[in-house]
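# Structural overview for review
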Protein chains: 2
Amino acid sequence: MSPQQEPVPSGPPEVRAAISREEITGHTAALCPGYAQANLIILPREWAFDFLLFGLRNRRACPILEVLEPGDPLTQSMAHGADLRDTLPRYRVWRHGELVEEPTHIRHLWREDLVSFLLGCSFSFDDALAAAGLPVRHQELGRNVPMYRTNLPAAPAGRLQGPLVVSMRPMPAELVEQAHRVSGAFGEAHGEPVHFGDPGEIGIQDLDSPHYGEAVPMHPGEVPVFWACGVTPQAAVAASQVEFAITHAPGHMFITDLKAEELARESLVSCAV
Amino acid sequence: MSPQQEPVPSGPPEVRAAISREEITGHTAALCPGYAQANLIILPREWAFDFLLFGLRNRRACPILEVLEPGDPLTQSMAHGADLRDTLPRYRVWRHGELVEEPTHIRHLWREDLVSFLLGCSFSFDDALAAAGLPVRHQELGRNVPMYRTNLPAAPAGRLQGPLVVSMRPMPAELVEQAHRVSGAFGEAHGEPVHFGDPGEIGIQDLDSPHYGEAVPMHPGEVPVFWACGVTPQAAVAASQVEFAITHAPGHMFITDLKAEELARESLVSCAV
């Protein structure tokens, strides 16, 4: 059932409960307006140092909201007691850098050495963009956001390396500066854009063929605006051939109990942008 | 040779070179005025995730300036190419949580799995306190700063737990607020105090018997002011019986090439206070 087909429960706990019952399995763009959403990556403890350092060295793409203790699947600061094993609509399971499965829960895959990381997500500021009168094309069309691997390298850390991944929203040229300003206030949700204009400059060949999510049309007078994206860790898992990892499926996020503007208060690594 | 006995070279690279030749083996308080100093902790990769998370969860005590790759002893952002194995005047070697050795270099102990962390140090703002007309008693007396274990628990992370350690500077009661303001600008060097007044409130029984460093006298009308201290990781190593760790000896810091006010620019985890 896609969230566009019929009314869904609106509060984060209710939506997460519906997700855990597999009543919602689609992407989460436009779900729970105003609430912060989060990227997920789960790694064996053996890879946890590399990833935590990778996140710190790539703050724009990987703003670290919460890190759980090894073996603990229950969030604390982002949502009290939510079980990360079934409160996201879809997951990706990676073995030796290969995507092997996209299940709707990961209860059967849980291990005591798994460490879960929640990272900020740009869906958190889509409502603020819309409220400021800026277009949010994927929301307007009920689609997932388009995401692309770039030719910009993320800063490596330990055994992890890979490209920066970005999400894209078309903006009228005269509103690009305002898009910077509005999103810039959400430092724990990727903050201001990393690029706008010519996609080729950051190695994107074809906007109509995103590597993740769904394409959206550009209107006359619009330019593509690119934000660092929390799928960057997935590209690193693939590029670095990590033995085992679980992530959210792109666009299928963890919905937190925090309003987007409250993120900084509870974030593990909160900073002024 | 203590730094008080005769003139020493004044620039950080020259002072570090003198330290590596063991011409300076005393504490580093008052060395290289205006330059940021740093706490050091070196752990096997097996403990690196626990510690990085411990640092993030205890930002006031453990502001993370730089994390080196496993096996790499050469700093990059805090001082280009300085070798952490002999550019601090004295180290502490810990085995199973016990202090076993205090050598002047650790070249013989280096291993390919060791991960080095540099953390901010309150010596970085002592010159700013003095420039603002505030007393810096330990500097006036050519002593190390007094440091104490408190009854305040640090936030645990993984297998690491222990008490918050604080440094103390006596301040005239009417200048405590100014001490807050001046040090508060140095968020990567512990920032503003965590406590002032009655030491018993944070579990310190006797100011004249610090757990680390040297006692300093209080003058009439002064109150003790306490800052979170980068010796906190050493107390955690002891309390958590970590198999192997190397730290700086308290007060015997790494002197960086950065001016204290430049720390935020290069810090791995820089934030507005």
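Quick summary incoming for the structure in this document. (Residues numbered from 1 in each chain as written. Chains lettered and ligands numbered in written order. Predicted model: local features only at pLDDT ≥ 70, side-chain atom pairs only at ≥ 80, totals over all residues. Heavy atoms only, no water.)

## Quick look at the overall build of chain A
- Each helix and strand counted, chain A has 7 helices and 11 strands in total.
- The C-alpha extent of chain A, read off along each of the three principal axes, is 50 × 40 × 35 Å.
- In chain A, which comprises 273 residues, the proportion classed as buried is 60%.
- Restricting to contacts in chain A with at least 6 residues of sequence separation, those with at least 24 account for 77%.
- Per element, the accessible surface of chain A, about 9,800 Å² overall, is 49% carbon and sulfur.
- Averaging the coordinates of the 20 positive side-chain charges in chain A and doing the same for the 34 negative ones gives two points 3 Å apart. (Helix = DSSP H or I, 4+ residues; strand = E, 2+ residues; numbered from the N terminus. Buried < 20%, exposed > 50% of the residue type's maximum accessible area, 1.4 Å probe, protein only. Contact = heavy atoms within 4.5 Å. Areas by Shrake-Rupley, 256 points an atom, 1.4 Å probe, with all protein chains shown as cover. Lys, Arg positive; Asp, Glu negative; His and termini not counted. Charge placed at Lys NZ, Arg CZ, Asp CG, Glu CD.)

## Comments concerning the interface of chain B and chain A
- With 24 residues of chain B in contact, the opposing surface of chain A contributes 24 residues.
- Summing the contributions of chain B and of chain A, the shared interface buries around 1,800 Å²; its carbon and sulfur component is 60%.
- Counting across the interface, chain B meets chain A through 6 salt bridges.
- Taken together, the links from chain B to chain A amount to 12 residue pairs in polar contact (both at pLDDT 80 or more).
- Of all the secondary structure elements, the ones that give two or more residues to the side of chain B that touches chain A are α2 (45-57) and β5 (114-120) of chain B.
- For the side of chain B that touches chain A, the element with the highest residue contribution is α2(B), accounting for 9 residues.
- Split into classes, the residues belonging to the side of chain B that touches chain A amount to 15 nonpolar, 2 polar and 7 charged. (Buried area = accessible area lost by both parts, 1.4 Å probe. Salt bridge = Lys/Arg side-chain N within 4 Å of Asp/Glu carboxyl O. Polar contact = N/O pair within 3.5 Å; in protein donor to acceptor, adjacent residues only side chain to side chain. Nonpolar A, V, L, I, M, F, W, Y, C, P; charged D, E, K, R; others polar.)

## Considering the relation of the copies chain B and chain A
- When chain B is fitted to chain A, the best match, at an RMSD of 0.0 Å, comes from turning it 180 degrees and sliding it 0.0 Å along the axis. Such values leave the two copies arranged in the relation of a two-fold axis. Rotation axis and chain B: the residue whose C-alpha lies nearest the axis is Phe49(B), separated from it by 2.1 Å. (Least-squares fit on C-alpha atoms with pLDDT ≥ 70 in both.)

## Some thoughts on the state of the cysteines
- Inspection of every chain in the model, using the stated rule, returns 0 disulfides over all chains.
- With no disulfide of its own, Cys229(B) lies 7.3 Å from the sulfur of Cys121(B), the closest cysteine sulfur. (Disulfide = S-S within 2.5 Å.)

## Quick word on helix α3 (residues 123-131) of chain A
- For α3(A), the set of buried residues is Phe123(A), Ser124(A), Phe125(A), Asp126(A) and Leu129(A).
- In the core, the buried residues of α3(A) are packed alongside β1 (35-44), α4 (137-140), β7 (163-172), α5 (176-184) and β9 (222-228) of chain A.

## Re the sheet that holds β9(A)
Residue and element names in this part refer to chain A.
- One open sheet accounts for 4 strands, arranged β6-β7-β9-β8; its pairing is antiparallel. Every interior strand has two partners, whereas the edge strands, β6 (147-153) and β8 (195-196), have only one.
- Here 2 bridges tie β8 to β9, and the two strands are oriented antiparallel to one another. By the bridge assignment, histidine 195 is partnered in β9 with phenylalanine 226.
- Contacting β7 and β9, α3 runs over the sheet at an angle of about 15 degrees to β7. (Pairing = 2+ DSSP bridges. Axes fitted to C-alpha atoms, helices over the stretch in contact; angles between N-to-C directions.)

## Description of the packing of aromatic side chains
- Tallying each qualifying case throughout the model produces 12 aromatic pairs over all chains.
- Ring centres 4.9 Å apart and planes at 70 degrees place the aromatic pair Phe51(B) and Phe117(B) in the edge-to-face group. Highlighted residues: Phe51(B) in helix α2 and Phe117(B) in strand β5, separated in sequence by 66 residues.
- What makes Phe51(B) buried here is its relative accessible area of 1%.
- For Phe117(B), a relative accessible area of 0% translates into the label buried.
- By the ring-pair criterion, three or more aromatic residues cluster together here, those being Phe49(A), Phe51(B), Phe54(B) and Phe117(B).
- Over the ring of Tyr35(A) we find Lys259(A); its NZ or CZ atom is 4.5 Å from the centre of that ring.
- Sitting over the face of the ring of Trp47(B), Arg159(B) holds its NZ or CZ atom 3.9 Å from the ring centroid. (Phe/Tyr/Trp six-rings, centres within 6.5 Å; stacked < 30°, edge-to-face > 60°. Lys NZ or Arg CZ within 6 Å of the ring centre and 35° of its normal.)

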